[in-house]
Amino acid sequence: MRTWGSLSQITLLFISISASALPAHRPPRMAASKDLGHVDPGMSVHVLIPLAVHNADQLANLITRQHIPGDALYGEFLTPSEFSATFGPTPDDAAAVAQYLSLNGFTNIVADPSNAYVLAEAEVPQVEHALSLELHNYQTPEGLMAYGPTNEPTVPPEIASRIQGIYGLHSFSQHRHHALRANAGIGSGPQGGLTPADFRTAYGLDKVTATGKGQKLALFELDGYALSDITAYATQFNLRAILSPMNILVDGFSGKPTKGTASGQPEVTLDIELALAVAPAVQVLVYEAPNTEAGYLQEWMKIASDNLAKAVSTSWGAAEDLNSAADLATENMIFMQMAAQGQSVFAAAGDDGAYDDPNMMKTLEVDDPGSQPYVTSVGGTTLAVNAGLSYKNETVWSDAASVSGGGGGISSVWPIPSWQTGLGTALNLGSTTQRMVPDISLNSDPNTGYSVFVQGASDVYGGTSCAAPIWTAFTALVNQQREATNLPDVGYVNPTIYRVGQSSLAPSVFHDVTAGKNLFYPAETNYDLATGLGSFNAMTLFQALINAVLPPAAPTQLKGQRVVN
Amino acid sequence: MAFFRLSFIVLLCGASVACSKSNTTLTAPAPTTSNTGGNSGGTTATPAPTTPTPKISLTWKPADAGQDGFDVEGSSDGTTFTLLQKVADPAATGATIADPSPSQKYYIRVRAYNSAGLSAFTAVLQLEP
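Residues numbered from 1 in each chain as written. Chains lettered and ligands numbered in written order. Predicted model: local features only at pLDDT ≥ 70, side-chain atom pairs only at ≥ 80, totals over all residues.

**Side note on helix α2 (residues 80-87) of chain A**
Residue and element names in this part refer to chain A. Rule in force here: Any residue with 12 or fewer other C-beta atoms within 10 Å of its own C-beta is exposed, any with 20 or more is buried, and the rest are partly exposed; the C-beta atoms used are placed from the backbone. Secondary structure is summarised from DSSP: a helix means a run of H or I of at least four residues, a strand means a run of E of at least two, and numbering begins at the N terminus for each. Taking the helix axis as origin, the arc is that swept by the directions to the C-beta atoms. C-beta atoms are first placed from the backbone for all residues, and any pair lying within 7 Å is then listed as a contact.
What α2 keeps buried is the set Phe 83, Ser 84 and Phe 87. Summarising the axial view, the buried residues of α2 lie within an arc of 105 degrees, below the 170-degree limit, and thus occupy one face. Seen from the open side of α2, the exposed residues pointing more than 90 degrees away from its buried face are Ser 81 and Ala 85. On its buried side, α2 packs onto α1 (56-66) and α10 (325-340).

**What about the confidence of the model for chain B?**
Note: predicted coordinates in regions of low pLDDT should not be interpreted at a detailed level. All names here are of chain B. Formally: Every residue carries a pLDDT, the predictor's confidence in it, which falls somewhere between 0 and 100.
Overall, the prediction assigns chain B a mean pLDDT of 74, with 65% of residues at 70 or greater. With pLDDT under 50 throughout, residues 1-42 is counted as low confidence; its partners more than four residues away or in other chains account for 23 contacts. As scored by the predictor, the complex reaches a pTM of 0.87 and an ipTM of 0.80.

**Looking at the sheet that holds strand β18 (residues 367-368) of chain A**
Residue and element names in this part refer to chain A. The criterion, for reference: Here a strand pair is declared whenever DSSP counts at least two bridges between the two strands.
With antiparallel pairing, the three strands of this open sheet are ordered in space as β10-β16-β18. The sheet is open, and its two edges are formed by β10 (176-177) and β18, each paired on a single side. Of the pairings in the sheet, the one linking strand β16 (residues 316-319) to β18 comprises two bridges and is antiparallel in character. Residue pairing across strands places Ala 319 opposite Asp 367, the latter belonging to β18.

**Focus on the interface of chain A and chain B**
This is how it is decided: Each residue gets one label: Ala, Val, Leu, Ile, Met, Phe, Trp, Tyr, Cys and Pro are nonpolar, Asp, Glu, Lys and Arg are charged, and the others, such as Gly, are polar.
Each side of the interface is counted separately: chain A has 27 residues, and chain B has 37 residues. A per-class count over the side of chain A that touches chain B returns 13 nonpolar, 11 polar and three charged. As defined by bridge partners, strand β30 (residues 556-564) of chain A adjoins strand β1 (residues 54-61) of chain B across seven bridges and the pair is classed as antiparallel. By the bridge assignment, Val 564 of chain A is partnered in β1 of chain B with Pro 54 of chain B.

**What to know about the nonpolar core**
Note the cut-off: A set of buried residues drawn from Ala, Val, Leu, Ile, Met, Phe, Trp, Tyr and Cys, joined through C-beta atoms within 7 Å, is what defines a nonpolar core.
The biggest cluster of nonpolar side chains holds 161 residues, and the ones touching the most others in it are Val 97, Val 118, Leu 217, Ala 275, Val 378 and Ala 473 of chain A. With 10 residues, the single largest contributor to this core is helix α11 (residues 464-484) of chain A. Residues within four places of Val 97 of chain A in sequence aside, it is in contact with Ile 49, Leu 51, Val 118, Ile 159, Arg 162 and Ile 163 of chain A. Counting 16 residues, the second-largest nonpolar core is a separate cluster that includes Ala 553 of chain A together with Leu 58, Ala 95 and Tyr 106 of chain B.

**Examining unusual backbone geometry**
Residues and elements named next belong to chain A. Residue Pro 369 is reached from Asp 368 by a cis peptide bond, and omega for that bond is 15 degrees. Mapped onto the secondary structure, Pro 369 falls in the loop between β18 and β19 (376-385). Going from Val 437 to Pro 438, the amide bond is cis rather than trans, its omega being 0 degrees. If you trace the backbone, Pro 438 turns up in the loop between β24 (434-437) and β25 (440-443).

Okay, here's the thing in structure tokens:
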């Protein structure tokens, strides 16, 4: 990290008298919120300023080609240094932004070594002066309290051109985890939870011999866990010789679990345990940051710049409308970097069915980051098993009484990606213009939940939080086998799973869920906005994904005419 | 022979078939002759009128280079499709096929294939009579 301190170090002067407004820093939810007046002027504001990626159009094209079988760039993933050299911000970008902040009274200014972002802090008056805005407290109609800017920030043009946005100017989007505790289940574990052996049998994972050996799997977390829980789980379910998770602490996080009913400790714990249940030999990397705007973004940037893990899972998110467009655009650039580096990112789709914002249960909403186009959104099902725990069927997970269910719906932000073209229909209530989620799904119903060992005791949990790490660990198994045959990692999986999921292999590799609704969107034959392409038949999907030849993608633009000759 | 070919084209253009540039690609039918006695004298026979062949000319855009070829399927009711032609060219962007029922609506769809499987179909193309 490079730091900027005293004014005497400043060599660059900003003499512009014009200014550029930075758009879209106010979350949509602010519009209906009541302005409660100025925040405490003594409040310290921590900002994270992501610097602008260069050649973004070329980056999108590169990612597309990296994931087309047969293309000269197929599987030619970048290293972080290659990414920085071609697309990354420059040291001059970082220096200019740091010096502007220093001139305006910010302190503790730190630039990321790869120039991805600049961190700084200041009290409210300095922030307001530097960015030409005021910070006020707000209350949403549902009672949510948060602070945010009265108007869009403004900076000199020579700064505006170097940055993607400014993180830390509002507190509307505190991220929630998607784990739900249950009291009963259908498995053979304590309280009926599904043990590793149970759900490995049900989904055919028991037929996959890969163990994740040699692979690293990253878990995005905003809380801590107790290693003793992980050890107890491994002992209880006979997961032999697992590697201890490696903790990577970000933005000053201590690693100690928070206390209380809102603690994310169960989330972190079950993520680790379920990943190890699928890939017992994988090295789990637990990235942990404080649950703040800056902590959230900094952690994603760390996972990208480290590029240690090719399979990444998050079970933390927030409804799209609680994020500003600038927040979402910044995240998108990070996920594009990860895609270009061949990192697969899976995100829980949320546990509130089609209504992801818990404060607005009558408004259709989807969860970020699952709705990001370079992320794979994992929805929720209710699993039924036969005697012996073999697979029977699945329906959409939903519970109207508790207003819970697998997340899914239509993004209000992201346009439809090419791999979803034609999948939105009148039957599934989908879109022809916008990104749809989830992409895939897995058992998430707390009533058919998973055995875990949390906070010193056996327990049962459900939620799409369980589905995301299982899919991620499965991807680590696929990567292990592909590397063994000198194939590139599967990488950003959406183009691939939609290619496979619409091919003649689909009926054998996916369990197409066709019954139920996620409180709004119905399950239908083929793709739907309740369960995506469906859950996996692990062995057959594994075989399809380790094959050097993937099924072809459908041709388009069929035209024709009758002729006589 | 060149003279004969030209004559044929002129005759065809004079018939009910619309005359177009594509006619130049037609190959002439074998000359018919009433001479069955082994006379190899140089009389030029007039070809019998031919029945125009109804066809369907198709174009499509391959998604990428991941296929070995394409299947063209047709249907007279838009529901039950049968394979009309395999196009074993991974770079093909179209095909011309016989029109099975020129006087009726007809439906066409295309998909790609390779050793791993079959792609989804294109959107169905509807052809009017």
